[in-house]
Amino acid sequence: MTNRRKYIVDTTLRDGEQSPGMAFSIREKVTIAKSLDALGVSRIEAGTPAMGREECRAFEKIKLACQKAQIIGWNRMNLGDISQSIDCGADIIHVCVPASDLLIREKLRTTRSQVLETLSACAAAIHDEKRELTIGLEDASRADWDFVVLLIETARDLGATTLRFSDTVGIMSPSLCKATISRIPDNIDIEVHMHNDLGMAVANSIQGLRSGAKYADSTLFGIGERAGNCNLEHLLIATQGQLDFGISLDELQWRQADLKSIIYKNKLTYA
Amino acid sequence: MVTIIDRTLTTFNTAGITSQDLNHFCDLLFTCGVTKIELTPDLVARLNFPETAAGLKKWLLGRNFFLTQLTPIAADSMRCSSKEPKPLWQLEANDLLEKNIPVSKINPLQHRKIRITGLDDLMTRDYPAIFKTLLSSGVETLDFCPGNQKHCATAIAMEWLHAGGQSISCGFTNHHNFAPLEEVLMSLSLSLPDNFTGDLSVLSELRSLYEKLSGQPVSKMKAIIGEDIFKVESGIHVDGVLKNPRTYEPFNPQTVGSQREIVLGKHSGRQSILYKLNQPDLSESAAHSILKQIKKRCSQLGRNLSDLELRTLASEVQNDKQTEVYC
């Protein structure tokens, strides 16, 4: 197994808040971010600045409130969106790149070569502002492996510090995850972003981490699109004594209990 | 074909369950792909069983038993007279010896029929080697019922089947310490389709009946069966799903008896407004104003807006009214 010290990228405020019906005010976002920062989460994906002025204001306040965690601004592969993330003061500018032909063809209605071209332009804009660039491969688990490799090489050449491998629709198995992450060259930091559609997000994250990934994405209570993301509490329970995230499970549990009323305002979704 | 054993009815208080509900629950479990249903002796009397065909007495020894489906030929042969209803199910001895053993003591297994329980922490161990040891132990029947205290039971169950395991025990939803049945069945249908013949479209009905029988609500975001898992709110996902649902769905919602729904919330985009209001000629500025109001309301309320609330809000914005909407 590779290095036992691993790091959490919390996306409660971005992917988590995209759960239907979830909506945090600026004050609530800051409260959650401060708690995550105190807990020892290394990176906080605080939202999507392109959503508008309120999201940008939340970003600025989160940046001021957090002392240790790096704050990530999530972006589509779009120069306008990236400009807003930069203006909000995000430490890390994350660019999400559709990797599967299904998303490239059906959603973006574009081509692989156009994706690569746009990504290069986005990277240049981020470097011009001297910000850290991370790149996410959306729907990588359903993508053609040759194109994934090309995107990884491109990400490295464009100066991305971290490559996020996303199982966007949560269809991977632990053995597939292990085989896939093991094949990625170790000249770029790997982050795994697992969804829970088949109930295997925690197990897949563990296998990704054991196969060389440095970061795992997670959310409080496992909230997120559809069946959610990797649940941070469950990940810590499952890896106790095996992997070190620098986060205390006890502290997470009491902080999470404090945040429950903010996260679940009207809903009986928790189980 | 792998054997899928469901243990749900062994885990909660079944005293108040009617015969009709019990039979319906078992029927739905078989329909969705379960091979055997494990039951406690006190449930025997509430199954609609033709006694002559069942030979119940020998089962009332305090042990759990398995309910299995009869093939049509076997059902005909078990019917004593044409007036007697055709039996659908039969009882089978549960003669599996349960063993909750640490990984270090897996070998040797000296019993002929074994159910391995626990092993919750396999995901952080060298589980392929452990499975290899188990599968080469020479046991005649080897069922595996992985524990879920580490939240990895489904993954362990599926890795077991991929490694060559032929029998797995589960329980419906995650209110107990078993691999959630619905997750195992869906994973099986996607990754080992040749080993799966069930109809998962009954899962939605099964969830409702489970909630009634157990008195426990299923989480709205529970994988496979949660009520909210096919609701789509964020602009990026709505855009993708409207172009082609496969972009952001792991499987068609109808497969599990559900349906997708575009909902309006803080993360909605213009496409959602146009889709919901069915007004293709809505101006850019009107859509922008409506969207702004939706985001504001949803942030205040912490929930989605209903279609009625949207229409009211849209007409207010379009008529340039400032009346407060009481949601």
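Here the structure is a predicted model, which is why all the values come from computation and not from measurement.

Quick look at the overall build of chain A now. Looking only at helices and strands, chain A has 11 helices and 8 strands in total. Expected size for 271 residues packed as a compact globule is a radius of gyration near 18 Å; at 17 Å, chain A falls within 12% of this value. Taking all 271 residues of chain A together, 58% fall into the buried category. Once local pairs closer than 6 in sequence are excluded, the contacts in chain A between residues at least 24 apart make up 71%.

All names here are of chain B. One can read the domain layout of chain B as domain 1 (3-214) and domain 2 (231-318). Each partner contributes residues to the interface: domain 1 has 6 residues there, and domain 2 has 5 residues. Looking at the side of domain 1 that touches domain 2 residue by residue, the class counts come to 3 nonpolar, 2 polar and 1 charged.

Residues and elements named next belong to chain A. Taken residue by residue, helix α4 (residues 79-88) has Asp81, Ile82, Gln84, Ser85 and Cys88 as its buried positions. Axial view of α4: buried residues confined to an arc of 160°, hence all on one face. On its buried side, α4 packs onto α3 (53-65), β3 (70-75), β4 (92-98) and α6 (112-128).

The nonpolar side chains of a soluble globular protein tend to be buried, and buried together. Counting residues in hydrophobic clusters, the biggest one holds 158 residues, and the most contacted among them are Ile44(A), Ala157(B) and Val184(B). At 7 residues, helix α5 (residues 153-162) of chain B tops the list of elements feeding residues into this core. Among residues more than four places away in sequence, those in contact with Ile44(A) are Asp10(A), Leu13(A), Ala33(A), Leu36(A), Asp37(A), Cys66(A), Ala69(A), Ile71(A) and Ile72(A).

So, on to the interface of chain B and chain A. Across the contact, 49 residues belong to chain B and 41 residues belong to chain A. Elements that contribute at least two residues to the side of chain B that touches chain A include exactly α5, α6 (181-191), α8 (235-243) and α10 (284-301) of chain B. Of the residues in the side of chain B that touches chain A, the class split is 17 nonpolar, 18 polar and 14 charged.

Rules used throughout
Residues numbered from 1 in each chain as written. Chains lettered and ligands numbered in written order. Predicted model: local features only at pLDDT ≥ 70, side-chain atom pairs only at ≥ 80, totals over all residues. Helix = DSSP H or I, 4+ residues; strand = E, 2+ residues; numbered from the N terminus. Rg over C-alpha atoms; globule rule 2.2 N^0.38 Å. Buried ≥ 20, exposed ≤ 12 C-beta atoms within 10 Å, placed from the backbone. Contact = placed C-beta atoms within 7 Å. Domains from an automatic or database assignment. Nonpolar A, V, L, I, M, F, W, Y, C, P; charged D, E, K, R; others polar. Arc of directions from axis to C-beta. Core = buried A, V, L, I, M, F, W, Y, C linked by C-beta atoms within 7 Å.

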